[in-house]
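The chain contents come next:
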Amino acid sequence: MTRRTWTLLFSSVLVLVLGLLGALLPVPYVALGPGPVYDTLGKVNDTQVVEIGGENTFPTGGKLSMTTVSLNDGMTLLSAFGLWLSGDYALAPREELFPPEKTKQQIDQENTKAFQDSQTSAEIAALRYLKYPVKVLAMKIEDNSALKGIVEPGDRIIAVNGKPVATAAEVRAALEGSKPGEQVDVRYQHNTDPEKTARVTLGKAEDRPQGVLGVTSAERPDVPFQIKIALKDVGGPSAGLMFALSIVDKLTPGEINGGQSVAGTGEIDADGKVGAIGGIPFKMIAARNQGASVFLVPEGNCAEARQRAPEGLKLIKVGTLEQAVNALEALRSNQPTPAC
């Protein structure tokens, strides 16, 4: 064979070897990109995403879509390069999302719990915005708690130190100025039993000078109807805002979105505050690909969203659930909306 033939043969073998290595060699990276989009007013697999039973609801229109981020793991060099080249994906070191000190099962459990907590916070935020009552429950009783053996997990805390409590924060606030060893009254209720009052001695905590009850409390809806959010295989807390808006829309007359396709993201707490989240560039791409014309952006994400917004997607800045509802009302009325 001539020198030219040998060169071509060697080049072909080299390309083949590199191709095989690229197709088989794993890389320590994950690819983040646009994930599935779910309309919180609609259904997934014939199941209503947000369902309210036992209470009158109102017709809705358009969409209130929550957005997600997809994660591609176990990639080869070739597949990672292909996703990065598409422009819709970004590569990140695998250990940033899967810390070596945690198992995949632990990470999945944390994401699932965050998603479940976001649903509870969304329910409370929506009902509080609509002026429905909320109750405070004792969720965990410490072994050294003054209420150990008196109050059970799930019991309602009605008043502490003579002060009615309507939020978990008010339980702690009711003890401001107290000292360990002091006695206070706690009014509580077990299931539907008559209310009771217990006089207990406050304990001590390392992180504060005031006395403590040794109880972890949380807020829950105090309504005669049930809200059910049914969505599987989704993790993290960033769907809270859209869940809350869906609940508000179903419990109030008219279409909160004016019949438009609105998407968004944002963690929400029980007080209705909207927190920043990760992956917003990918969520905006996913929303635009699904036909959304408006995207609700947490205030803390505005700078990043403004730089990466897809063409034709209107960004609305929100810091609370009330601001989000007001912005959508302005959108319906063709009034200016808060922009990023």
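The structure this text deals with has already been given above.
In this report, the structure presented in the accompanying data block is examined. Not measured: the values here are computed from a predicted model.

Conventions we followed
- Residue numbers restart at each chain and count upward from 1, following the sequence in its written direction.
- For this predicted model, a pLDDT threshold of at least 70 governs which residues receive local features, and a threshold of 80 or more governs which side-chain atom pairs are given and counted, while totals over whole chains, interfaces and linings are taken from all residues.
- For side-chain calculations, the full set of non-hydrogen atoms in the structure is used, while hydrogens and water are omitted.
- Where helices and strands are cited, they refer to DSSP runs of H or I of at least four residues and of E of at least two residues respectively, numbered from the N terminus.
- To estimate how far a helix should extend, the number of its residues minus one is multiplied by 1.5 Å.
- For salt bridges, the criterion is a side-chain nitrogen of Lys or Arg within 4 Å of an Asp or Glu carboxyl oxygen.
- Relative accessible area decides the class of each residue, using a 1.4 Å probe on protein chains only: under 20% of the type maximum gives buried, over 50% gives exposed, and in between gives partly exposed.
- Whether two residues touch is decided by their heavy atoms; if any such pair falls within 4.5 Å, the residues are in contact.
- With a 1 Å grid spanning the protein atoms alone, the term cavity applies to any set of points in which a 1.4 Å probe fits but cannot get out, the term pocket to an open set with protein on both sides within 12 Å along at least five of seven lines, and the term lining residue to any residue with an atom within 4 Å of a point.
- Grid points are joined across faces, edges and corners, and a volume is the space filled by probe spheres set on the points.
- Side-chain classes are defined by residue name, with Ala, Val, Leu, Ile, Met, Phe, Trp, Tyr, Cys and Pro counting as nonpolar, Asp, Glu, Lys and Arg as charged, and the others, Gly among them, as polar.
- To obtain an axis, a line is fitted to C-alpha atoms, over the contacting stretch when the element is a helix, and the angle between two such axes runs from 0 to 180 degrees between their N-to-C directions.
- Throughout, the term roughly parallel applies to angles under 35 degrees, roughly antiparallel to angles over 145, roughly perpendicular to angles from 65 to 115, and oblique to all others.
- Left-handed is the label given to a crossing in which the near helix is rotated counterclockwise from the far helix by less than a right angle, and right-handed is the label when the rotation is clockwise.
- Two strands qualify as a pair provided that DSSP identifies no fewer than 2 bridges between them.
- Any pair of cysteine sulfurs within 2.5 Å is marked as a disulfide.
- What is meant by a nonpolar core is a set of buried Ala, Val, Leu, Ile, Met, Phe, Trp, Tyr and Cys residues, joined one to another through side-chain atoms within 4.5 Å.

1. Details of helix 9 (residues 321-332)
- Taking 1.5 Å per residue as the helical rise, helix 9 with its 12 residues ought to reach 16 Å, and the 17 Å between its terminal C-alpha atoms agrees with that figure.
- Positive backbone phi, approximately 60°, marks N334, located one or two places after helix 9.

2. So, the pattern of salt bridges
- The full count for this structure, using the stated rule, is nine salt bridges.
- A salt bridge links D73 to R94; its shortest N-O distance comes to 2.8 Å. Residue D73 is located in the loop between strand 5 (63-72) and helix 2 (77-86), and its partner R94 is located in helix 3 (residues 94-97); the two are separated by 21 residues in the primary sequence.
- Notably, a salt bridge pairs R156 with D222, separated by 3.5 Å at the nearest N-O pair. Of the two residues, R156 sits in strand 8 (residues 156-160) while D222 sits in the loop between strand 14 (215-221) and strand 15 (226-229), which places them 66 residues apart along the sequence.
- For R156, a relative accessible area of 27% puts it in the partly exposed group.
- A relative accessible area of 27% places D222 in the partly exposed class.

3. Digging into the environment of L328
- Looking at the element boundaries, L328 is found in helix 9.
- Along the primary structure L328 and L85 are separated by 243 residues, whereas in three dimensions their C-alpha atoms are 36 Å apart.
- Not counting chain neighbours up to four residues away, the residues in contact with L328 comprise L64, L245, I256, V262 and L296.

4. So, the layout of surface pockets
- Volume-wise, the largest pocket comes out at about 880 Å³.
- Among the elements that take part in the lining of the largest pocket, strand 5 stands out by supplying six residues, more than any other.
- Here the lining of the largest pocket is composed, by residue class, of 14 nonpolar, 10 polar and five charged.
- Here the second largest pocket is characterised by a volume of approximately 400 Å³.
- Forming the walls of the second largest pocket are 21 residues, and the residues nearest its centre are R208, V212, L213, G214 and V215.
- Among the elements of the structure, helix 5 (168-173), strand 12 (203-205), strand 13 (208-212) and strand 14 are those that each provide at least two residues to the lining of the second largest pocket.
- In terms of residue count, the dominant contributor to the lining of the second largest pocket is helix 5 (four residues).
- Classifying every residue of the lining of the second largest pocket gives nine nonpolar, seven polar and five charged.

5. Focus on the packing of helix 4 (residues 104-129) against helix 6 (residues 240-251)
- Between helix 4 and helix 6, the shortest axis-to-axis distance is 8 Å and the interhelical angle comes to 40°. Relative to helix 6, the element helix 4 is oriented oblique. As helix 4 packs across helix 6, the resulting crossing turns out to be right-handed. Contact residues: F115, S118, Q119, A122, E123, A126, L127 and Y129 in helix 4; G240, F243, A244, I247, V248 and L251 in helix 6.
- Here the residues of the contact of helix 4 with helix 6 sort into 10 nonpolar, three polar and one charged.

6. Remarks on the sheet that holds strand 1 (residues 29-39)
- An order of 6-1-5-16-19-20 is seen for the six strands of this open sheet, with the pairing classed as mixed. Each of the sheet's edge strands pairs with one partner strand only, and the pair in question is strand 6 (90-93) and strand 20 (314-318). Adjacent strand axes in the sheet meet at a mean angle of 35°, parallel and antiparallel pairs treated alike.
- Across three bridges, the pairing between strand 16 (residues 261-264) and strand 19 (residues 294-298) is parallel. In the strand pairing of strand 19, V262 is matched with V294.
- On top of the sheet, helix 6 reaches strand 5, strand 16, strand 19 and strand 20; it is set at about 160° to strand 5, its chief contact.

7. What about the state of the cysteines?
- For the structure on display, the rule yields one disulfide.
- Bridging C302 to C340, the disulfide has an S-S length of 2.0 Å. Handedness here is read from the sign of the S-S torsion; for C302 and C340, about -60°, the answer is left-handed. With C302 in helix 8 (residues 302-308) and C340 in the segment after helix 9, the pair connects residues that are 38 residues apart, well separated along the chain.

8. What about the nonpolar core?
- By size, the foremost hydrophobic cluster in this structure holds 42 residues, and its most contacted members are L241, F243, L245, L296 and L321.
- Only strand 4 (50-53), strand 5, helix 4, strand 15, helix 6, strand 19, strand 20 and helix 9 provide two or more residues apiece to this core.
- Broken down by element, this core gets its largest block of residues, eight residues, from helix 6.
- Residues in contact with L241, not counting those within four places in the same chain, are T265, G266, I268, V274, L296, V318, L321 and A324.

9. What to know about the side chain of S217
- Tracing the sequence through the fold places S217 in strand 14.
- For S217, a relative accessible area of 18% translates into the label buried.
- Aside from chain neighbours lying at most four places away, what touches S217 is V136, L137, A138, M139, A168 and V171.

Such coordinate-based values are descriptive only and should not be taken to indicate function.
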